[in-house]
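Each chain is listed here by its residues.
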Amino acid sequence: MGEFWRSDLLPHLESRRSCQMATCYRPHTHDRFSVGLIDSGSARLTGIRDEAVTLEAGNVIIIPAGHVHACNPDQGRWQYQMIHADEGWIGSLGGNAATQVMRGISVYQDAAVYDRFDDLNTRLFANREISRVEADLAEGLRECARLAPVHRLAPVNDPLLAARLAPVLEHLQGQASGGVLEELAELAGMSRYELIRATRRATGMTPIAWRQDQRIVTARQMLREGRSLADTAAVLGFADQSHFHRVFRAHVAATPGAYRG
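Just so it is clear, the structure is predicted and the values come from calculations on it, not from any experiment.

What follows deals with the nonpolar core. By size, the foremost hydrophobic cluster in this structure holds 31 residues, and its most contacted members are L13, I90, F117 and L137. Elements represented by at least two residues in this core include exactly β3 (33-46), β5 (59-63), β6 (70-85), α1 (87-101), α2 (111-126) and α3 (133-146). The contacts of L13, once residues within four sequence positions are left out, are W5, R32, I83, H84, A85, W89, L124, V133 and L137. If you look at the next biggest cluster of nonpolar residues, it comprises 17 residues, including C24, I38, V53 and I105.

We now examine the side chain of R123. Assignment of secondary structure puts R123 in helix α2. Of the polar contacts made by the side chain of R123, one reaches the backbone oxygen of E129; its length is 3.2 Å. Dropping the residues within four chain positions of it, R123 is found in contact with R128, E129, I130, R132 and D136.

Taken as a whole, this structure holds 0 disulfides when the rule is applied. Sulfur of C144: no disulfide; nearest cysteine sulfur belongs to C71 and is 16 Å away. When its relative accessible area of 0% is taken as the criterion, C144 is described as buried.

Further remarks concern the packing of aromatic side chains. Overall, the coordinates contain 5 aromatic pairs when judged by the stated rule. Between W78 and Y80, the aromatic rings sit 4.2 Å apart at their centres with planes inclined by 20°, giving stacked as the arrangement. We classify Y80 as buried; its relative accessible area is 3%. A centroid spacing of 5.7 Å and a plane angle of 70° characterise the contact between F244 and F248, whose relative ring orientation is edge-to-face. One end of the pair, F244, and the other, F248, are both in helix α9 (residues 241-252), 4 residues apart, so they sit about a helical turn from each other. Grouping aromatic residues by their ring pairs yields a cluster made of F4, F238, F244, F248 and Y259. Over the ring of Y259 we find R6, and its NZ or CZ is 4.3 Å from the ring centre. Sitting over the face of the ring of F125, R17 holds its NZ or CZ atom 3.9 Å from the ring centroid.

Empty space within the largest pocket amounts to approximately 280 Å³. Broken down by secondary-structure element, the contributors of at least two residues to the lining of the largest pocket are α6 (192-203) and α7 (207-224). A total of 3 residues in the lining of the largest pocket trace back to one element, the largest contributor, which is α7. Partitioning the lining of the largest pocket into residue classes produces 11 nonpolar, 7 polar and 1 charged. In this model, the second largest pocket occupies a volume close to 220 Å³.

To continue, consider the pattern of salt bridges. In this structure the tally under the stated criterion is 17 salt bridges. With a shortest N-O distance of 3.9 Å, D119 and R132 are connected by a salt bridge. Here D119, found in helix α2, pairs with R132, found in the loop between α2 and α3; they are 13 residues apart in sequence, far enough to count as distant. According to the relative accessible area criterion, D119 is partly exposed, its value standing at 32%. Given the relative accessible area of 35%, R132 is considered partly exposed.

We now examine the side chain of H30. Tracing the chain through its elements places H30 in the loop between β2 (13-20) and β3. Not counting residues within four places of it along the chain, the set of residues in contact with H30 comprises A65, G66, H69, M82, H84 and R220.

Averaged over every residue, the pLDDT of the protein is 90; residues scoring 70 or more account for 95%. Summarising per-element confidence for the protein, the mean pLDDT is lowest in helix α4 (residues 159-173) (81) and highest in β5 (97).

Here we take up empty space enclosed by the protein. Tallied over the full model, the rule gives 3 cavities of 30 Å³ or more. Approximately 190 Å³ is the volume attributed to the largest cavity. At the level of elements, β3, β5, β6 and α9 are the ones that each hand at least two residues to the lining of the largest cavity. It is β6 that contributes the most residues to the lining of the largest cavity, 6 residues altogether. Classifying every residue of the lining of the largest cavity by side-chain character gives 12 nonpolar, 7 polar and 2 charged. As a volume, the second largest cavity reaches approximately 60 Å³. Along the walls of the second largest cavity sit E14, T29, H30, D31, R32, H84, V217, R220 and R224, which together make up its complete lining. No other element matches the 3 residues that α7 contributes to the lining of the second largest cavity. Its residues assigned to classes, the lining of the second largest cavity shows 1 nonpolar, 3 polar and 5 charged.

Conventions adopted
- Residues numbered from 1 in each chain as written.
- Predicted model: local features only at pLDDT ≥ 70, side-chain atom pairs only at ≥ 80, totals over all residues.
- Heavy atoms only, no water.
- Core = buried A, V, L, I, M, F, W, Y, C linked by side-chain atoms within 4.5 Å.
- Buried < 20%, exposed > 50% of the residue type's maximum accessible area, 1.4 Å probe, protein only.
- Helix = DSSP H or I, 4+ residues; strand = E, 2+ residues; numbered from the N terminus.
- Contact = heavy atoms within 4.5 Å.
- Polar contact = N/O pair within 3.5 Å; in protein donor to acceptor, adjacent residues only side chain to side chain.
- Disulfide = S-S within 2.5 Å.
- Phe/Tyr/Trp six-rings, centres within 6.5 Å; stacked < 30°, edge-to-face > 60°.
- Lys NZ or Arg CZ within 6 Å of the ring centre and 35° of its normal.
- 1 Å grid on protein atoms, 1.4 Å probe; cavity = no way out; pocket = protein on both sides within 12 Å on 5 of 7 lines; lining within 4 Å.
- Points joined across faces, edges and corners; volume = space filled by probe spheres on them.
- Nonpolar A, V, L, I, M, F, W, Y, C, P; charged D, E, K, R; others polar.
- Salt bridge = Lys/Arg side-chain N within 4 Å of Asp/Glu carboxyl O.
- pLDDT = per-residue confidence, 0-100.

Structure, rendered in structure tokens:
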């Protein structure tokens, strides 16, 4: 269950409020900078190296764009909020503070920071005091930068591997479906099993899972732009709308129709 907020007044920003009781997220990425709030219950957050931390009510989670993660209920009901914003826009608002908090996935426990982002999100859904949003986001980032996170999931830092896989991932992103592992392995100068292990080490996903995640990232962009579900599914190479619905829900914990609004 979830609801989404968007406005033409702030095209760089979107938000959601959600409640989940079952495992709902595969490992995935966002193409936007994200701030998460745990309102009630607890959840398990995992990162690129399969590190896992327990999230509790009052936690604030910073997730830079492109960082693999999954977050699912630890037990019982879990209620949370997510604010997603264009990373370049966030950088222009937060300056050095934004740069500091974008170093990896970080978890903060501070009542004042939680209250600031919670109040901001409440106002977004009420469509009031929108003029304060940029200032409140910037101050929230500065507050996070002054704190030591209670947990930090470090990103993979292997520039040589990333450079070697760059043409592979570029090629993979252009393939909607089909068996391409042998071709990609040859492009990387690896066996297919070496390629799977290397891609998982560099991105947190197997090549096919990474391609699927990128399709959903693009699907979210298309739906935000107002494209139809049928057109989005067809352009991205899904077998049919039912297939698109299943994959989208596994990555977003919402149906494409609910996300598009």
